[in-house]
Amino acid sequence: MKNLAAEFSACYLIYRKKNRKDHERQMGAGQKGFIPTPLDKLLFILLYLKCYPTYDLQGLLFGLDRTRVCRWVKILLPVLEMTLGRECVLPARQIRSAEEFFCAFPGVKDVFIDGTERPVQKPKNLRRRKKMYSGKKRQTTRKGLIMTDETRQIGFIPMSKNGRRHDKRLLDKVDIIRHIPPEV
């Protein structure tokens, strides 16, 4: 955890310098943040991703109001993604060869591919709402695929798409089947 916190802290400083507007003040001057340490910031964003609480509950846990929680989430999510990308622990989004397949699933005999839908809030834009509407679930959803082995270890998660898309069409678009060896 301390190694991750140190890397997260370094990525946070890089992110703040890169996305900083031109100001007269020095870096670190002005109003101080309400999440004091990098370890607290890491805990904040990991708790948000793990439990996905409402902004009100997250604010209650960290002593913030809901708008400040929303701002911190928008700031810290790219920082965490940058950190996990440096640590090489992000899940694979594409498998391009049989070698990559065996790296993701060493010694596997069976592979299970399943499409999942998760409900999302209805967009106000009618065109976007129609694209996200799933007749199967009768609500607006995002659809994704998950590839697991017999031990239920997730090895591959492609990007999610609109809920209107069929599972098989999504699987064909990802084009993962041709990289699975015939013996699996």
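Anyway, here's the lowdown on the structure attached to this text. Remember, it's a predicted structure, so these values are computed and weren't measured experimentally. Within each chain, residue numbers correspond to sequence positions counted from 1 in written order. Side-chain atom pairs in this predicted model are given and counted only at pLDDT of 80 or more, local residue features only at pLDDT of at least 70, and totals for whole chains, interfaces and linings cover all residues. Water and hydrogen atoms play no part in the side-chain values, which are based on all heavy atoms of the structure.

1. Quick look at the pattern of salt bridges
Oppositely charged side chains may form a pair once their charged atoms are brought near each other. Any Lys or Arg side-chain nitrogen found within 4 Å of a carboxyl oxygen on Asp or Glu counts as a salt bridge. Inspection of every chain in the model, using the stated rule, returns 3 salt bridges. One salt bridge connects Asp56 with Arg66, and the closest N-O pair in it is separated by 3.7 Å. Residue Asp56 is located in helix H3 (residues 55-62), and its partner Arg66 is located in helix H4 (residues 66-86); the two are separated by 10 residues in the primary sequence. Relative accessibility decides the category of a residue: with a 1.4 Å probe and only protein chains considered, values under 20% of the type maximum give buried, values over 50% give exposed, and everything between is partly exposed. By relative accessible area, which is 44% here, Asp56 ends up partly exposed. The salt bridge involving Lys143 is made with Glu117; its shortest N-O contact spans 3.7 Å. Of this pair, Lys143 sits in strand E3 (residues 139-149) while Glu117 sits in strand E1 (residues 111-119), and the two are 26 residues apart along the sequence. Neither residue differs from the other here; Lys143 and Glu117 are each classed as buried. Numbering of helices and strands runs from the N terminus; a helix is a DSSP stretch of H or I covering at least four residues, while a strand is a stretch of E covering at least two.

2. Some details on the nonpolar core
Nine residue types can take part in a nonpolar core, namely buried Ala, Val, Leu, Ile, Met, Phe, Trp, Tyr and Cys, and a core is a set of them joined through side-chain atoms within 4.5 Å. Judged by nonpolar contacts, the single largest core of 17 residues is most densely connected at Phe8, Phe44, Ile45, Leu64, Trp72, Leu76 and Val79. At the level of secondary structure, the elements contributing two or more residues to this core comprise helix H1 (2-18), helix H2 (38-51) and H4. Considering each element in turn, this core owes the most residues, 6 residues, to H4. Each residue touching Val79, except ones within four places of it in the same chain, is listed here: Phe8, Cys11, Tyr12 and Tyr15. Pairs of residues are marked as contacts when any of their non-hydrogen atoms sit within 4.5 Å.

3. Quick notes on H2
One less than the number of residues in a helix, times 1.5 Å, gives the span that helix is expected to have. With 14 residues, H2 should cover 20 Å at 1.5 Å per step; its first-to-last C-alpha distance of 20 Å lies within 8% of that length. Buried residues of H2: Lys41, Leu42, Phe44, Ile45 and Tyr48, and no others. Buried residues in H2, looked at end-on, bunch into an arc of 160 degrees, giving them a common side. Facing away from the buried side of H2 by more than 90 degrees, the exposed set consists of Lys50 and Cys51. Following H2 by one or two positions, Tyr52 adopts a phi angle in the positive range, close to 50 degrees. This arc describes the spread of directions from the helix axis toward the C-beta atoms.

4. Brief notes about unusual backbone geometry
Although it is not a glycine, Tyr52 adopts a positive phi angle of roughly 50 degrees. As for its position among the elements, Tyr52 is in the loop between H2 and H3. Residue class for Tyr52 comes out exposed when judged on its relative accessible area of 61%.

As far as function goes, none of this settles anything; it's purely spatial.
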